[in-house]
Amino acid sequence: MGSDTRRELLEQARDLFEEAPRQEVLAGGMPVHDAVTAVVSHDVRPDQERAFVSWQEKILSAQRKFPGFMGSELFRPVKGVQDKWVAVFRFDTRQHLDKWLESTTRRKLLDEGRGAFVSYDVRKVGSAFGSWFRFGQGTEEGAPPNWKQAMSVVLALYPTVEILNLVVGPRLAALGLPGYLALFISNVLSVCILTWLLMPLVNRALAFWLMPGQARSLRIDVAGVAVVAICWLAFIVIFGLTTG
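Residues numbered from 1 in each chain as written. Predicted model: local features only at pLDDT ≥ 70, side-chain atom pairs only at ≥ 80, totals over all residues. Heavy atoms only, no water.

Attention now goes to a nonpolar patch on the surface. On the surface, a nonpolar cluster with roughly 430 Å² of combined accessible area is contributed by Tyr-180, Leu-181, Phe-184 and Val-188. Mapped onto the elements, Tyr-180 comes out in helix H6 (residues 179-205). (Patch = residues over 30% accessible without salt bridge, like charges linked within 9 Å, V, L, I, M, F, W, Y side chains within 5 Å. Areas by Shrake-Rupley, 256 points an atom, 1.4 Å probe, with all protein chains shown as cover. Salt bridge = Lys/Arg side-chain N within 4 Å of Asp/Glu carboxyl O. Helix = DSSP H or I, 4+ residues; strand = E, 2+ residues; numbered from the N terminus.)

If you want it as structure tokens, here you go:
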């Protein structure tokens, strides 16, 4: 793990990672396919290990009652290599995993177990739109459900593409560029605008609905959908009136 060979390989692959790679060393365990996995690392207080294990048993008992649960494993620290306790649990779909992570049951259990650990960190499989959905430090890692991501991306993408067609399109045509090249340039501009300008704004504006762990009620879900739908309709009306 500490070899020059591994460090050189990590350096070669730096551009493949969205963020700096982190490692968890797990001894044992059975591979499970076709499942969505969450890895939770805990800094356990030295004098609270028994209480922590007992608390993890309560977690497992609660997880079994949630739809899609496929199993859980608890890995003890590996002396000299891995200092944290690591819980790995699997659900059959991302939606079922998020339902557990955002549940009232889990929140109550987290409050109950605070005395056994100093901090914890949750990591999930990457989402469909990657780094377009990032929230502030101190929140659990993860992303909104894919349907919320898709709605939000359309909210930012539609006006971007329409404005580029109106403003940049004629200029590219005037330069005599072939259609396939003009489309490529427009796509590059669209992605840049979304990545560095519009998606951060959308994240902030819709944080109450998008941020993992925040949208825990049907009322918030409905409110977020209504806001996005109204914005869609407004853009359609505006461009319909201005472009005729």
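Structure's up, so let's keep going.
Under the criterion given, the structure shown has one cavity of 30 Å³ or more. Counted as a void, the largest cavity has a volume near 110 Å³. Looking at which element gives the most residues to the lining of the largest cavity, the answer is helix H2 (residues 49-63), with four residues. Classifying every residue of the lining of the largest cavity by side-chain character gives seven nonpolar, four polar and one charged. (1 Å grid on protein atoms, 1.4 Å probe; cavity = no way out; pocket = protein on both sides within 12 Å on 5 of 7 lines; lining within 4 Å. Points joined across faces, edges and corners; volume = space filled by probe spheres on them. Nonpolar A, V, L, I, M, F, W, Y, C, P; charged D, E, K, R; others polar.)

Attention now goes to the pattern of salt bridges. Per the stated rule, a full pass over the model turns up five salt bridges. Between Glu-73 and Arg-90 there is a salt bridge, and its shortest N-O distance comes to 3.0 Å. Here the residue Glu-73 occupies a position in strand S2 (residues 69-75), and Arg-90 occupies one in strand S3 (residues 85-91), the gap between them amounting to 17 residues. For the salt bridge of Asp-98 with Arg-94, the shortest nitrogen-to-oxygen distance reads 3.5 Å. A residue pair is termed a helical-turn pair when its members lie 3 or 4 positions apart in one helix, as Asp-98 and Arg-94 do in helix H3 (residues 94-101) at four residues.

In the contact formed by helix H5 (residues 146-174) and H6, the axes pass within 9 Å of each other and the chain directions differ by 140°. Our classification of the angle between H5 and H6 gives oblique. Seen along the crossing, H5 lies across H6 with a hand that is right-handed. Counting all contacts with H5, which are made through Ser-152, Val-153, Ala-156, Leu-157, Thr-160, Val-161, Leu-164, Val-168 and Leu-172, the residues of H6 involved are Ala-182, Ile-185, Ser-186, Leu-189, Ser-190, Ile-193, Leu-194, Leu-198, Met-199 and Val-202. (Axes fitted to C-alpha atoms, helices over the stretch in contact; angles between N-to-C directions. Parallel < 35°, antiparallel > 145°, perpendicular 65-115°, else oblique. Left-handed = near helix turned anticlockwise from the far one by under 90°. Contact = heavy atoms within 4.5 Å.)

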